[in-house]
Amino acid sequence: MKTAIVRGMDPAEYHNHPAPSWSSVKAMLDCPAAYVYRRDNPPEQTPAMLAGQMAHACALEPETVADRFYAMPDVRRGTKAWKEAESEAPDGALLVKRAELVTAAERGTAARQAMQEAGITIEREWCEFAVFGQMYGGDARCLPDLFDPKTGMVWDLKFTHS
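Residues numbered from 1 in each chain as written. Predicted model: local features only at pLDDT ≥ 70, side-chain atom pairs only at ≥ 80, totals over all residues. Heavy atoms only, no water.

> Just to check I follow, could you spell out the packing of helix α4 (residues 47–60) against helix α7 (residues 98–117) for this structure?
It is the contact of α4 with α7, at a shortest axis distance of 7 Å, that shows an interaxial angle of 45°. Here α7 runs oblique to α4, going by the angle between their axes. As for how α4 packs across α7, the hand of that crossing is right-handed. Residue-level contacts link A51, M54, A55, C58, A59 and L60 of α4 to E100, L101, A104, A105, R107, G108, A111, R112 and M115 of α7. Partitioned by chemical class, the residues of the contact of α4 with α7 number 11 nonpolar, one polar and three charged. (Axes fitted to C-alpha atoms, helices over the stretch in contact; angles between N-to-C directions. Helix = DSSP H or I, 4+ residues; strand = E, 2+ residues; numbered from the N terminus. Parallel < 35°, antiparallel > 145°, perpendicular 65-115°, else oblique. Left-handed = near helix turned anticlockwise from the far one by under 90°. Contact = heavy atoms within 4.5 Å. Nonpolar A, V, L, I, M, F, W, Y, C, P; charged D, E, K, R; others polar.)

> What exactly am I supposed to notice about the packing of aromatic side chains here?
Where two aromatic rings form a pair, the distance of their centres and the angle of their planes describe that pair. By the definition in use, this model includes three aromatic pairs. Relative to F129, the ring of W126 lies with its centre 5.3 Å away and its plane at 90°, an arrangement referred to as edge-to-face. Summarising the burial analysis for this pair, W126 and F129 share the class buried. Taken together, the aromatic side chains of W126, F129 and F147 make up a single cluster linked through ring pairs. (Phe/Tyr/Trp six-rings, centres within 6.5 Å; stacked < 30°, edge-to-face > 60°. Buried < 20%, exposed > 50% of the residue type's maximum accessible area, 1.4 Å probe, protein only.)

> What's the story with a nonpolar patch on the surface in this structure? I'm lost.
On the surface, a cluster of nonpolar side chains totalling about 380 Å² of accessible area is made up of W22, L29 and Y136. Here W22 lies in helix α2 (residues 22–30). You can call W22 partly exposed: its relative accessible area is 36%. (Patch = residues over 30% accessible without salt bridge, like charges linked within 9 Å, V, L, I, M, F, W, Y side chains within 5 Å. Areas by Shrake-Rupley, 256 points an atom, 1.4 Å probe, with all protein chains shown as cover. Salt bridge = Lys/Arg side-chain N within 4 Å of Asp/Glu carboxyl O.)

> I keep staring at the pattern of salt bridges and nothing clicks. Help me out?
Between side chains of opposite charge, a pair can form when the charged atoms approach closely. Applying the stated rule across the entire model yields six salt bridges. A salt bridge links R7 to E125; the nearest nitrogen and oxygen atoms lie 3.9 Å apart. Of this pair, R7 sits in the loop between β1 (4–6) and α1 (11–15) while E125 sits in the loop between α7 and β4 (130–135); the two residues are 118 residues apart in sequence, bridging distant segments of the chain. For E125, a relative accessible area of 42% translates into the label partly exposed. With its nearest N and O atoms 3.0 Å apart, the salt bridge here joins R124 to E61. You can see R124 sitting in the loop between α7 and β4 and its partner E61 sitting in the loop between α4 and α5 (65–68), a full 63 residues away along the chain. In the salt-bridge network here, residues are joined through shared partners; they are E61, E63, R68 and R124.

> Is there a simple way to think about the pairing of β4 in this case?
Where a strand is regular, its side chains alternate between the two sheet faces. Where β1 meets β4, three bridges bridge the pair, whose relative direction is antiparallel. Opposite I5, over in β4, you have V131 as the bridge partner. Here β4 pairs with strand β5 (residues 138–142) via five bridges, running antiparallel. Paired with F132 across the two strands is R141, which belongs to β5. What sits between β4 and β5 in their antiparallel hairpin is a turn of two residues, with Y136 showing a positive phi close to 50°. (Pairing = 2+ DSSP bridges.)

Given below as structure tokens:
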């Protein structure tokens, strides 16, 4: 596989690519049996993972949030009001609680502000770009969160909550 940087790659296309991800390569080197288990039994998305995904998008890709996440009204699932709101959601958008999306937007905005105040350059073309190449003699891929072209640093955002 030739080394390549791909900007704007659909997340599903990236995750379905046959080359192992950097985290998979690390797991393979650490414990091959754990890697095989993780590959064959991928974890389901937890509420914490979803919260991080939303905050991440709000920090680095705010223009994509409206298409990726749809804030549902505070009504019971399965009701007429729910079904009406669900029909208004963009195709492929994750249905989320409004309060959770607001919290994610606050966290993502605060992270973006802190990065900018620290002098980190945030250019959309260098957020969430796919890198493909060779590692330890085999194909591999990674999805850096942010590359700062002024400093040459690669950033990996992590969001936590209690």
